[in-house]
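Observations on chain architecture
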Amino acid sequence: MIQLENLTKTFVLEGQRKTVADNLSVVFPTGRSVALLGRNGAGKSTLLKIISGNMDATSGRVLSTGTISWPVGFAGAFHGDLSGAQNARFIARIYGVDTNDMVDFVADFAKLGTQFHLPVRSYSSGMRARLAFGISMAVAFDTYLVDEVTAVGDADFRRRSSEVFQARMDKASAIVVTHSMPLVRQLCDAGAVLENGQLTYYDDLDQAIEHHEQNLA
């Protein structure tokens, strides 16, 4: 379970204030895969970063009864001078995962070939995302945060990403950001709509999609 308690996030850019989360108090239940829906710029990725602890809220707090992943696809924590394999080993030690198991899983899943043993600074954005997804899926979290990563790569990679993610959902929860409605219906069973700083949670995914599509109309 993840609970947002009076959560507010405001940015000030060139003297202009923009609030993407306005005193939110919402519960994401345990065992649900929730689609976080909203138009471009609504603040979905920002909200994921706050939930993961990678960004501070202006006020309020995030409470959780379990472990939360970093936003899958977020490669900001990688050390550019280390190889993909070395980054995987480092993260495995932090989270108490067997380092060899982590490296073997990521190598097989991300299929970066010889690049896996070259510095991450030489990777394309797509390669970084594949590395991040592989490392995330190699760690057992109670809730996974997913931000558009399954759009990366070819059809085979997207298929394998979906299969691995769905296997993790047998034992975990998720909050998923994607603009693909087919992917939303494939991966999620509940929804939340972020609009003008307000977040509305729906146990019924169809109701969430209907609300989102009305906002876009």
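Here the structure is shown first, and the text comes after it.
Now for a quick tour of the structure. (Residues numbered from 1 in each chain as written. Predicted model: local features only at pLDDT ≥ 70, side-chain atom pairs only at ≥ 80, totals over all residues. Heavy atoms only, no water.)

1. Some points on empty space enclosed by the protein
As enumerated under the stated definition, the model contains one cavity of 30 Å³ or more in all. Of the pockets and cavities examined, the largest cavity occupies roughly 50 Å³. If you go around the largest cavity, the residues you meet are Met1, Ile2, Phe28, Pro29, Thr30, Arg32, Thr143, Ser173, Ala174 and Ile175. The biggest single contributor to the lining of the largest cavity is strand S7 (residues 173–177), with three residues. In terms of residue class, the lining of the largest cavity is made up of six nonpolar, three polar and one charged. (1 Å grid on protein atoms, 1.4 Å probe; cavity = no way out; pocket = protein on both sides within 12 Å on 5 of 7 lines; lining within 4 Å. Points joined across faces, edges and corners; volume = space filled by probe spheres on them. Helix = DSSP H or I, 4+ residues; strand = E, 2+ residues; numbered from the N terminus. Nonpolar A, V, L, I, M, F, W, Y, C, P; charged D, E, K, R; others polar.)

2. Some details on helix H4 (residues 125–137)
Between the first and last C-alpha of H4 there are 18 Å, a value that for 13 residues agrees with the 18 Å anticipated at 1.5 Å per step. Most of H4 sits out of view: ten of its 13 residues are buried. Met127, Ala129, Arg130, Leu131, Ala132, Phe133, Gly134, Ile135, Ser136 and Met137 are the residues of H4 that are buried. Looking at the buried side of H4, the elements it contacts are strand S5 (68–72), helix H2 (84–95), helix H3 (99–110), strand S6 (143–147) and helix H5 (155–168). (Expected span 1.5 Å × (residues − 1). Buried < 20%, exposed > 50% of the residue type's maximum accessible area, 1.4 Å probe, protein only. Contact = heavy atoms within 4.5 Å.)

3. Comments concerning the packing of aromatic side chains
Two measures describe an aromatic ring pair: the distance that separates the ring centres and the angle between the ring planes. Inspection of the entire model under this criterion finds seven aromatic pairs. Seen in terms of ring centroids, tryptophan 70 and phenylalanine 141 are 5.5 Å apart; in terms of plane orientation they differ by 85°. Their pairing is edge-to-face. Of this pair, tryptophan 70 sits in strand S5 while phenylalanine 141 is found in the loop between H4 and S6, placing the two residues 71 residues apart along the sequence. Tryptophan 70 gets classed as buried once you look at its relative accessible area, which sits at 14%. According to the relative accessible area criterion, phenylalanine 141 is buried, its value standing at 6%. Where phenylalanine 105 meets phenylalanine 109, the ring centres are 6.0 Å apart and the plane angle is 5°; that geometry is what we call stacked. (Phe/Tyr/Trp six-rings, centres within 6.5 Å; stacked < 30°, edge-to-face > 60°.)

4. Here's the deal with the sheet that holds strand S1 (residues 2–13)
Pairing between sheet strands relies on hydrogen bonds along the backbone, with the strands arranged either parallel or antiparallel. One open sheet holds the three strands; their spatial order is S2-S1-S4, and the pairing between them is antiparallel. Each edge of the sheet is formed by a strand with only one pairing partner; in this case those strands are strand S2 (16–28) and strand S4 (59–64). Taken pair by pair, the neighbouring strands of this sheet meet at an average axis angle of 20°, ignoring direction. Summarising the sheet, S1 and S4 pair through five bridges and their orientation is antiparallel. (Pairing = 2+ DSSP bridges. Axes fitted to C-alpha atoms, helices over the stretch in contact; angles between N-to-C directions.)

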